[in-house]
Amino acid sequence: ILFCFVYTIQVIFRQKKVGEMKTDFINNMTHEFKTPIATISLAADSIISPKISAEPEKVRRFADIIKQENKRMNNQVEKVLQMALLDKNDFTLNLIDVDMHMLIEQATRNLTLAVEKKNGRVSTHLKAEKSVIKGDMTHISNVINNLMENANKYSPEKPEISIHTRNVVNGIEVIVQDKGIGMSKEAKKHIFDKFYRVHTGNLHDVKGFGLGLSYVKAMMVAHKGEIEVKSELGKGSSFILTFPFQTEL
């Protein structure tokens, strides 16, 4: 009876925590969709205004804003759909030769502009002699981009982000390192849980659904790789990825 009582209490607390995380997810999702919808609405109102419609340059600018916000919403929907497929194991990897160094350099170029706006910098230290693995280009690219975007998001001032590679036995190790806000030991236990987001105190500009790292973990498992995180509160985080050269499905 005592065992059943303890087990019941544990289940109740676990369900309560999951419920809170789902509520947080819905609130975040609402916010993430509300902002682009409001922007699209304002841009559309501006285009149909007689003053704006007479100036092709301004019409083109507002049309670009609508296109960018629409793309942003599509990306958010895609994240949710990807996680639904992962939950059902309803996905297959398209294995091809992937040059990790080329992929990292491309991700670095994509992120550099956003980091430089915050007076930060991104550096690469690509020391792996063998950088080509068998993997799914799209998913591996998403993994690297996700970790680098997180490093920027959780570095509120002057981000210092570095990406390192080296060869290990039968594979390649990739480290995405930042000097941001870091995380507590308790947060480290849950960061790969779906819907979980690290609490950022007064830092309210960190957006997202809490799906990114659970996706990263699922993709590393699918590629028969490993992921490890080292982090200290106030001193930054390091995500260590190990990809095998060959992925056996």
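See above for the structure.
Report follows, based on the coordinates.

## Considering the packing of helix 4 (residues 100–117) against helix 5 (residues 137–153)
Look at helix 4 against helix 5: their axes get within 10 Å of each other, and the N-to-C directions meet at 35°. When you trace helix 4 past helix 5, the crossing you get is right-handed. Side by side, helix 4 and helix 5 meet where M100, M102, L103, I104, A107, T108, N110, L111, A114 and V115 of the first sit next to M137, I140, S141, I144, N145, M148, E149 and N152 of the second.

## Quick word on helix 5
Its 17 residues give helix 5 an end-to-end C-alpha distance of 24 Å, which sits within 8% of 24 Å, the value for a rise of 1.5 Å per residue. The N-cap residue of helix 5 is D136: its side-chain oxygen and the backbone nitrogen of T138 are 3.1 Å apart.

## A closer look at helix 4
For helix 4, built from 18 residues, the straight-helix expectation of 26 Å at 1.5 Å per residue is met to within 8% by its first-to-last C-alpha distance of 26 Å. In the structure, helix 4 departs most strongly from a straight axis at L111, where the bend amounts to approximately 40°. Looking only at helix 4, the buried set comprises M100, H101, L103, I104, A107, T108, L111 and V115. Its side-chain oxygen 3.0 Å from the backbone nitrogen of H101, D99 forms the N-cap of helix 4.

## So, the pattern of salt bridges
Applying the stated rule across the entire model yields six salt bridges. Note that K134 is salt-bridged to D97, the shortest N-O span being 3.3 Å. Here K134, found in strand 3 (residues 132–136), pairs with D97, found in strand 1 (residues 95–99); they are 37 residues apart in sequence, far enough to count as distant. Judged by its relative accessible area of 51%, D97 is exposed.

## Here's the deal with the sheet that holds strand 4 (residues 160–168)
As summarised here, the arrangement of the five strands in space is 2-4-5-7-6, forming an open sheet in which the pairing is mixed. Two strands in the sheet have a free side with no partner beyond their single neighbour: strand 2 (121–126) and strand 6 (226–232). Each adjacent strand pair in this sheet contributes to an overall mean axis angle of 15°, direction not counted. Pairing of strand 5 (residues 171–177) with strand 7 (residues 236–244), which is carried by seven bridges, proceeds in the antiparallel orientation. Paired with V174 across the bridge in strand 7 is L241. Here helix 4 sits on the sheet in contact with strand 2, strand 4, strand 5 and strand 7, set at roughly 170° to strand 2. Sheet strands touched by helix 5: strand 2, strand 4, strand 5 and strand 7. Its angle to strand 7, the strand with the most contacts, is close to 170°.

## Re unusual backbone geometry
Residue K158 is not a glycine yet carries a positive backbone phi of 40°. Tracing the backbone shows K158 in the loop between helix 5 and strand 4.

## Topic: the nonpolar core
If you look at the biggest cluster of nonpolar residues, it comprises 37 residues, and the most contacted ones within it are M100, I144, F239, L241 and F243. Sorting the residues of this core by element identifies helix 4, helix 5, strand 4, strand 5, helix 7 (212–222), strand 6 and strand 7 as the ones contributing at least two each.

## Remarks on the packing of aromatic side chains
Applying the stated rule across the entire model yields one aromatic pair. Consider the rings of F3 and Y7, whose centres lie 6.4 Å apart with planes at 15°: the pair is stacked. You can see F3 and its partner Y7 sitting in helix 1 (residues 2–48), four residues apart, about one turn around the helix. Here R61 stacks its cationic end above the ring of F62, 5.1 Å away from the centre of that ring.

## Examining the pairing of strand 5
Among the seven residues in strand 5, six count as buried, and that is most of the element. Here strand 4 folds back onto strand 5, and the loop between the two strands holds two residues, one of which, N170, carries a positive phi near 60°.

Calculation criteria
- Residues numbered from 1 in each chain as written.
- Predicted model: local features only at pLDDT ≥ 70, side-chain atom pairs only at ≥ 80, totals over all residues.
- Heavy atoms only, no water.
- Axes fitted to C-alpha atoms, helices over the stretch in contact; angles between N-to-C directions.
- Helix = DSSP H or I, 4+ residues; strand = E, 2+ residues; numbered from the N terminus.
- Left-handed = near helix turned anticlockwise from the far one by under 90°.
- Contact = heavy atoms within 4.5 Å.
- Expected span 1.5 Å × (residues − 1).
- Polar contact = N/O pair within 3.5 Å; in protein donor to acceptor, adjacent residues only side chain to side chain.
- Bend = angle between axes of the 7 residues up to and from the residue.
- Buried < 20%, exposed > 50% of the residue type's maximum accessible area, 1.4 Å probe, protein only.
- Salt bridge = Lys/Arg side-chain N within 4 Å of Asp/Glu carboxyl O.
- Pairing = 2+ DSSP bridges.
- Core = buried A, V, L, I, M, F, W, Y, C linked by side-chain atoms within 4.5 Å.
- Phe/Tyr/Trp six-rings, centres within 6.5 Å; stacked < 30°, edge-to-face > 60°.
- Lys NZ or Arg CZ within 6 Å of the ring centre and 35° of its normal.

All we've got here are geometric facts, nothing functional implied.
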